[in-house]
Amino acid sequence: MNQTEQNIILIGMMGTGKTTIGQILAKELGFALVDLDAAIVAEQGMTIPEMFELRGEAYFRQAETAVLRKVLASDGGQVVATGGGAVLEPLNCEIMLSGGIVFALTADAETIIDRVRGDSNRPLLAGNAEERIRIIMDERKDAYRFAHYTVDTSRMGPEKIASQILMHYR
Ligand code: S3P
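The rules we used
- Once a new chain begins, its residue numbering starts again from 1 and follows that chain's sequence as written.
- The predicted origin of the model limits local features to residues at a pLDDT of at least 70 and limits the giving and counting of side-chain atom pairs to 80 or more, whereas totals for whole chains, interfaces and linings rest on all residues.
- The rule is simple: place the C-beta atom from the backbone, and if it lies within 6 Å of a molecule or strand, the residue is near it.
- Only Asp, Glu, Lys and Arg are considered charged, only Ala, Val, Leu, Ile, Met, Phe, Trp, Tyr, Cys and Pro nonpolar, and every remaining residue, Gly among them, polar.
- UniProt positions are given in the numbering used here, feature names are shortened, and annotations may be inferred rather than shown by experiment.
- Where helices and strands are cited, they refer to DSSP runs of H or I of at least four residues and of E of at least two residues respectively, numbered from the N terminus.
- Two residues form a contact once the distance between their C-beta atoms, set from the backbone, is within 7 Å.
- A pair of strands is considered paired only if DSSP assigns at least 2 bridges between the two.
- Think of each axis as a best-fit line through the C-alpha atoms, taken over the contacting stretch in the case of a helix, with angles from 0 to 180 degrees between the N-to-C directions.
- Note on terminology: angles under 35 degrees are roughly parallel, angles over 145 are roughly antiparallel, angles of 65 to 115 are roughly perpendicular, and the others are oblique.
- Two helices crossing with the near one rotated counterclockwise from the far one by less than a right angle form a left-handed crossing, whereas a clockwise rotation gives a right-handed crossing.

Visitor: Would you mind going over the site of the ligand with me for this structure?
Guide: In the vicinity of the ligand, the contacting residues are Met14, Lys18, Asp37, Ile48, Gly83, Gly84, Gly85, Arg122, Pro123 and Leu124. Per-class residue counts for the shell around the ligand are four nonpolar, three polar and three charged.

Visitor: Sorry if this is basic, but what is going on with the UniProt feature "binding site: ATP" (unreviewed entry) in the protein here?
Guide: Within the UniProt annotation, "binding site: ATP" (unreviewed entry) is assigned to Gly15, Thr16, Gly17, Lys18, Thr19, Thr20 and Arg122. Its place among the elements puts threonine 16 in the loop between strand S1 (8–12) and helix H1 (18–29). If sequence neighbours within four positions are ignored, threonine 16 has contacts with Leu105, Thr106, Ala107, Ile112 and Thr153. With respect to the element layout, arginine 122 can be found in the loop between helix H6 (109–116) and helix H7 (129–139).

Visitor: I keep staring at the sheet that holds S1 and nothing clicks. Help me out?
Guide: Hydrogen bonding along the main chain pairs the strands of a sheet, whether they run parallel or antiparallel. Taken together, five strands build an open sheet; the order of strands is S2-S3-S1-S4-S5 and the sheet is parallel. Of all strands in the sheet, those with a lone pairing partner are strand S2 (32–35) and strand S5 (149–152), marking the two edges. Ignoring strand direction, the axes of neighbouring strands in this sheet form an average angle of 20°. The pairing of S2 with strand S3 (residues 78–81) spans four bridges and is parallel. Within S3, the residue paired with leucine 33 across the bridge is valine 79. Sheet strands in contact with helix H2 (residues 36–44) are S2 and S3, and its direction is about 70° off that of S2.

Visitor: Explain the packing of H6 against H7 here, please?
Guide: Helix packing for two helices is described by the angle between their axes and how far apart those axes are. Viewed as axis vectors pointing N to C, H6 and H7 meet at an angle of 135°, and their least axial separation amounts to 10 Å. Our classification of the angle between H6 and H7 gives oblique. Relative to H7, H6 is oriented so that their crossing is right-handed. Contacts between H6 and H7 pair Ala109, Ile112, Ile113 and Val116 from the former with Ala129, Glu130, Ile133, Arg134 and Met137 from the latter. Grouping the constituent residues of the contact of H6 with H7 by class yields seven nonpolar, no polar and two charged.

In structure tokens, the structure reads:
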């Protein structure tokens with residue numbers, strides 16, 4: 001791992017491909033991949049749906065903030081795939097902007113709905129997932145705009161998306 005390189009931080013709605021793209025980027029650059037959701041699950045010893053059910057969303061957000069800050073306090077050379085709601089805490093956004101190059105992945109509602117169909121690991125989509133996606137997208141329509149770069153993933157495969165990010169990064 002090259003710790004002198006700038007971190008790449010991926011933000012965006014659920015279903016925009018942050019984890020998948022993060023894996024490709026990390027492999028390509030020889031960086032460590034930090035998947036924030038996976039780090040929280042490992043630290044808390046329970047799944048995200050369990051955390052939401054047993055402790056509540058506020059608890060999950062605190063854990064998310066703590067893990068994000070810890071990860072970005074260390075050296076560079078990491079690809080950090082955040083959870084879709086990591087941007088809801090304004091201070092997190094500042095920490096991301098100073099902790100690396102922030103890429104927002106976007107997609108249209110239909111693409112996101114298609115990608116998250118049948119997923120039971122995202123508690124915010126419980127019930128009518130399609131309706132929930134549209135509501136959350138509307139609530140967060142400006143939340144990802146602080147990124148250094150924005151890449152629309154709707155009509156591109158993962159390799160192409162990763163290469164667009166690398167073009168900006170290099
Ligand atoms: C969330 C997104 C999820 C996960 C949690 C909450 C959100 O991550 O952190 O279910 O608030 O958008 P992904 O964006 O990786 O699905």
